[in-house]
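So the chains spell out like this:
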Amino acid sequence: MRILFLGDIYGKPGREVLKRNLKHLKQEFSINICIANFENLADGRGISEKCAKTTFSYGVDFATSGNHLWDKVESFPYLRQEVRICKPMNYPKPEMGMNFIETKFETKNLIIVNLAGQSFMPPANSPFHTIDKFLENYTIEDNIIFVDFHAEATAEKRAMSWFLDGRVSALVGTHTHIQTSDEQILPQGTAYITDAGMTGGHESVIGVQKDIILDSIKDGVHRPYKVSQRGLEINGVMLDIDDKTNRTNKIIRIRRCFDRENT
Ligand SMILES: [Fe+2]
Ligand SMILES: [Fe+2]
């Protein structure tokens, strides 16, 4: 099975770059399932029902999330019943969304898990204890298991990679919006990258127009954020997962730049 995972889609520029390019990208890599992080989908903050359904229509099949999942109060009813979006499993309120996604692709069972880090992040239960308990019932012998670890600290993500090597098919980091070049297959067959990056405007500070951030840093006065529309990129990884072992044979880091000539 081939999975395409896309790093945090940031606002309308992130959605638009997928509208124009996702179909072709999926064809290029013969993708079976596309998963994306939606936490910044609407204006960079949270998820709206309209934005989510539109982005699914571009070819995203399932979505993970993170600390911005509940930024829009009006979306709570939708997020509680949308079975294609999962919340961080280790967040304290299990009723606030799907705790994981279980689906079928042909004869294979695919499990999608989202975890949140504890270092420099909002309060959450231990991601290590949470996934350890979950894997007592869902094993790599019976399932392809994809984990998006939404965390700030590289060390926390790296530690999780060793904790889960051989127990999940892939562990992909998100949240920093900066793609790392450490993609690898760990010794026991788990694919890993510290951060998949961001899909959206990279002429920015993690998606926000750079002048707004620079002015705020210079004088200490917060200004309303505006989404950057410049330096459009699709960031993510392609995972080629072995049908027999549910381990990953190959991980390819994807970073496509689309409007550099205009910036
Ligand atoms: Fe994000
Ligand atoms: Fe985040």
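See above for the structure.
Residues numbered from 1 in each chain as written. Chains lettered and ligands numbered in written order. Predicted model: local features only at pLDDT ≥ 70, side-chain atom pairs only at ≥ 80, totals over all residues. Heavy atoms only, no water.

*Asks:* Sorry, what's going on with the nonpolar core here?
*Replies:* Generally speaking, soluble globular proteins have nonpolar side chains that are buried together. Ranked by size, the top nonpolar core spans 35 residues in total, and within it Leu4, Leu6, Phe38, Ala52, Phe56 and Ile85 carry the most contacts. Elements represented by at least two residues in this core include exactly strand S1 (2-6), helix H1 (11-28), strand S3 (33-37), helix H2 (49-57), helix H3 (76-81) and strand S12 (232-241). The dominant element in this core, judged by the number of residues it contributes, is H1, at four residues. In this view, Phe38 contacts Ile9, Gly46, Ile47, Ala52, Thr55, Phe56, Val60, Ala63, Thr64 and Ile85; residues no more than four positions away in its chain are not counted. Counting residues in hydrophobic clusters, the runner-up holds 22 residues, among them Phe62, Ile144, Ala191 and Ala196. (Core = buried A, V, L, I, M, F, W, Y, C linked by side-chain atoms within 4.5 Å. Buried < 20%, exposed > 50% of the residue type's maximum accessible area, 1.4 Å probe, protein only. Helix = DSSP H or I, 4+ residues; strand = E, 2+ residues; numbered from the N terminus. Contact = heavy atoms within 4.5 Å.)

*Asks:* Would you take a moment to explain the side chain of Ser65 for this structure?
*Replies:* Residue placement: Ser65 occurs in the loop between strand S4 (62-64) and H3. Separated by 2.8 Å, the side chain of Ser65 and the backbone oxygen of Cys86 make a polar contact. Setting aside its immediate chain neighbours within four residues, Ser65 contacts Asn37, Glu39, Cys86, Lys87, Pro88, Asn114, Asp148 and His150. (Polar contact = N/O pair within 3.5 Å; in protein donor to acceptor, adjacent residues only side chain to side chain.)

*Asks:* Explain unusual backbone geometry to me, please; I cannot follow it from the model alone.
*Replies:* Excluding glycine, residues mostly carry a negative phi; peptide bonds, for their part, are mostly trans. Within the chain, Glu106 stands out as a residue other than glycine whose phi angle is a positive 50°. Positionally, Glu106 belongs in the loop between strand S5 (101-105) and strand S6 (108-116). Overall, the relative accessible area of 67% leaves Glu106 in the exposed class. Phi angles above zero are rare outside glycine, and Phe120 is one such case at about 60°. Position of Phe120 relative to the elements: it lies in the loop between S6 and helix H4 (127-134). When its relative accessible area of 72% is taken as the criterion, Phe120 is described as exposed.

*Asks:* Just checking my understanding: could you explain the coordination of the iron ion (ligand 1) for this structure?
*Replies:* Each pair of donors in an ideal four-coordinate tetrahedral metal site encloses 109.5 degrees, whereas pairs in an ideal six-coordinate octahedral site enclose 90 or 180 degrees. Those donors, Asp8 (OD), Glu39 (OE), Asn40 (OD1) and His177 (NE2), are the protein atoms that reach the iron ion (ligand 1), and they lie 2.0 to 2.2 Å from it. Taken together, the four donor atoms coordinating the iron ion (ligand 1) span angles of 91 to 160° at the metal, a pattern that classifies the geometry as irregular. Counting gaps between the donor residues of the iron ion (ligand 1) yields the pattern D-x30-E-N-x136-H. The exposure class assigned to Asp8 is buried, which follows from its relative accessible area of 0%. By relative accessible area, Asn40 is classed as buried at 1%. (Donors = N, O, S within 2.8 Å, 3.2 Å for Na, K, Ca; no water. Tetrahedral: all angles 85-135°; square planar, octahedral: opposite > 155°, others 65-115°.)

*Asks:* It is not clear to me how the sheet that holds strand S7 (residues 144-150) should be interpreted in this structure. Could you clarify?
*Replies:* The pairing of strands in a sheet happens through backbone hydrogen bonds and is either parallel or antiparallel. Pairing is mixed in the open sheet, where six strands are placed in the order S5-S6-S7-S8-S10-S9. In this open sheet, the two edge strands, each paired with only one partner strand, are S5 and strand S9 (184-185). Sheet topology note: the strand S8 (residues 170-174)/strand S10 (residues 191-193) ladder contains three bridges and is parallel. Bridge pairing in S10 links Val172 to Ile193. Sheet strands touched by H4: S6 and S7. Its angle to S6, the strand with the most contacts, is close to 160°. Packed onto the sheet, helix H5 (residues 154-164) meets S6, S7, S8, S9 and S10 and runs at close to 170° relative to S8. (Pairing = 2+ DSSP bridges. Axes fitted to C-alpha atoms, helices over the stretch in contact; angles between N-to-C directions.)

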